[in-house]
Amino acid sequence: MRYSAEEIVEVYRMLREEELDIRSVTLSVNTLFALTGNLESTIKRLETLNQTLEKFTYAVDEVSGKYGIRVVTKRVAVSPIQFFLESLAEEEGIEIAKFLDKLAEIYKIDYISGYSAFADRGFTKGALKTLKTFAKALNNTHRLTGMINAASTIAGMNMEAIKLYVNEIFNMPPTSSSRATIMANVPPDSPFVPSAHHGLGMPEATINIAVSGPGVIESAIRRSNPKALQELHDVIKRAAFKVTRLGELIGKSVAEKMGINFTTVDLSLAPSPTVGDSVAGIIEAMGIEKMGGHGSLAALAILMDAVKKGGAMATSAVGGLSSTFIPVSEDSVMIERALEGYIDFYTLIALSAVCNSGIDMVGVSKSQGMDKVIGLISDVLALGITLNKILGARIIPVDSPPGSYVDLGGLLGKVVVMKLKDVDVSGFISHTGYVPSTIKRLELG
Amino acid sequence: MLYSYIIQMENAVIIVVGADKPGIVAGIASKLAENNANIIDISQTVVRGIFAMIMVVDISKCKVSLAELRKQLQEKGKELGVEVQAYHEEVFRYIERV
């Protein structure tokens, strides 16, 4: 096998200067073996996770050390709490939440995800209890994350779930609401929090990988300065292939070391607040002076298609959300453009038509009330079930006025508070029930 | 410029970036020898307009893990005033080959 100096320097540059790293190695593990209907025995059974997490932490550190590749976060996804709460009481759900949080802390797991429930068309007892304890569970923990799947192409969209969800996040500080999301069509194998959970149909335990890499794509575009769109597409595709390959290598190696399955590389380009690690930076490298300008959607569509084609060639384990995220607070360029007014809610919704970003890590002012937020989330989820896409909303209610920002620090960055339109939507959102599944559903049978 | 590898070996690629001055090759090479890591190939190139040395090293008989070897080389690099990185060869195989 032979490598030229140019190839070696290219890899070195990606890893050292273009912020290429593994955003997350996520262990997804079944915890339904602990369903006993009794809190004490449930916790007792969950204690076997101690060995699993110890093994996991060791394996990730070993692999990261061996290859010289930075793994930014270690995460664990567990079976949705909903199943436990079908028979346990609300308060007991909080106890499980605290137990999982403690476990994550002990093993230096950055996030443990699965305070989650499915309520696309209605509520089981467990789903309702999950929603009603959502704020309390997240407010009493630091590393636990949770998701409510409130819509799906198959089942429709549950307006009641959206209302309950918004009521909960209005009772959370940003440190909690940044660990909560509401989704349409959530996948069972996502490495990304808060949507990660051990989904149905998965093996007992599996490794899912999230790669970073916007910096690699941006640099590749800036270096090659392509003239034709098909050249631009090709440059992105090649760079995406390389980014994804790194995820494949690390995922396979960790899984092998643990003796479990490796199922997913999420192709999504995940930005970080570090300068030069921005998805909006890629769009601007494509010639849109400021992300949000007209043409941004077309540029993003080209980016997404090329990333998917390059990524699909790089791994046979495609899964998770596999599009791109544009969490506004976590993307250095997006923060600026949002503060400058080039990015507003409708821009984000439009961009969601071609990627998976939805409304991610955006602040709303509590003074604008819950109704508009319910309306906004229904917009995002409706797009999800209409286009048959995975979409979500991670909204951060704050006391600050629109136009300001709240700095959460670290990977979470600066949360910009965007203005919701001053229009009364109470008439629409006061409808009860669910939105029937769309005609897309009938394409499936 | 091409490097040849023998399949059975376990190789690492070491990249040393910094001003070209006497003692750098010797310093890094002695650290490698101490740990029983065998240099297969050395070449020079330029990274960001700065002198860079690429070493391909057989670590199959290395006394320490690559993580530990990297740490030692980076400490040595600090003394010598150069930046040292060490990656497993598989990283290059995965990223640069279909």
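Everything here concerns the structure above.
My aim in this report is to walk through the structure given alongside it, one point at a time. Because the structure is a prediction, the values reported are computed rather than measured.

## A short note on the overall build of chain B
When helices and strands are counted, chain B shows 3 helices and 4 strands. Tracing chain B from N to C terminus, the helices and strands come up as β-α-β-β-α-β-α. Taking 2.2 N^0.38 as the reference for a compact globule, 98 residues should give roughly 13 Å; the C-alpha atoms of chain B span a radius of gyration of 13 Å, in line with that estimate. Taking the principal axes of the C-alpha coordinates as reference, chain B spans close to 35 × 30 × 20 Å. Relative to all contacts within chain B whose residues are 6 or more apart in sequence, the contacts with residues 24 or more apart total 68%.

## Things to note about the pairing of strand S3 (residues 50–58) of chain B
Taking burial as the measure, the 9 residues of S3 of chain B include 8 buried ones, the bulk of the element. In this antiparallel pair of consecutive strands, strand S2 (residues 38–47) of chain B and S3 of chain B, the connection spans 2 residues, and Arg 48 of chain B shows a positive phi of 50°.

## Focus on the sheet that holds S2 of chain B
Residue and element names in this part refer to chain B. The strand order across the open sheet formed by 4 strands is S2-S3-S1-S4, and the pairing between neighbours is antiparallel. One side of each edge strand has no neighbouring strand; the edge strands of this open sheet are S2 and strand S4 (83–88). Each strand of the sheet is rotated relative to its neighbour by a mean of 20°, with strand direction disregarded. Two elements, strand S1 (residues 11–17) and S3, share 7 bridges in a ladder whose sense is antiparallel. Paired with Val 16 across the bridge in S3 is Met 53. Packed on one face of the sheet, helix H2 (residues 66–80) meets S1 and S4 and runs near 165° to S4.

## Digging into the pattern of salt bridges
All names here are of chain A. Scanning the entire structure with this criterion turns up 28 salt bridges over all chains. Across the pair Glu 18 and Arg 223 runs a salt bridge whose closest N-O atoms are separated by 3.2 Å. Taken together, the residues Glu 18 in the loop between helix H1 (5–16) and strand S1 (22–29) and Arg 223 in helix H10 (residues 214–224) connect sequence positions 205 residues apart. For Lys 419, the salt bridge is made with Asp 422, and the minimal N-O distance between the two is 3.0 Å. A single burial state applies to Lys 419 and to Asp 422, both of which are exposed. Here the residues in one salt-bridge network are Glu 284, Lys 290, Arg 337 and Glu 340, joined through shared partners.

## Description of the packing of H10 of chain A against helix H11 (residues 229–258) of chain A
All names here are of chain A. In contact at an axis separation of 9 Å, H10 and H11 are set at 145° when each is read in the N-to-C sense. For the pair H10 and H11, the sense of crossing is right-handed. For the pair formed by H10 and H11, the contact residues are Val 216, Ile 217, Ala 220, Ile 221 and Ser 224 on the first element and Leu 232, Val 235, Ile 236, Ala 239, Ala 240 and Val 243 on the second.

Definitions and cut-offs
Residues numbered from 1 in each chain as written. Chains lettered and ligands numbered in written order. Predicted model: local features only at pLDDT ≥ 70, side-chain atom pairs only at ≥ 80, totals over all residues. Heavy atoms only, no water. Helix = DSSP H or I, 4+ residues; strand = E, 2+ residues; numbered from the N terminus. Rg over C-alpha atoms; globule rule 2.2 N^0.38 Å. Contact = heavy atoms within 4.5 Å. Buried < 20%, exposed > 50% of the residue type's maximum accessible area, 1.4 Å probe, protein only. Pairing = 2+ DSSP bridges. Axes fitted to C-alpha atoms, helices over the stretch in contact; angles between N-to-C directions. Salt bridge = Lys/Arg side-chain N within 4 Å of Asp/Glu carboxyl O. Left-handed = near helix turned anticlockwise from the far one by under 90°.

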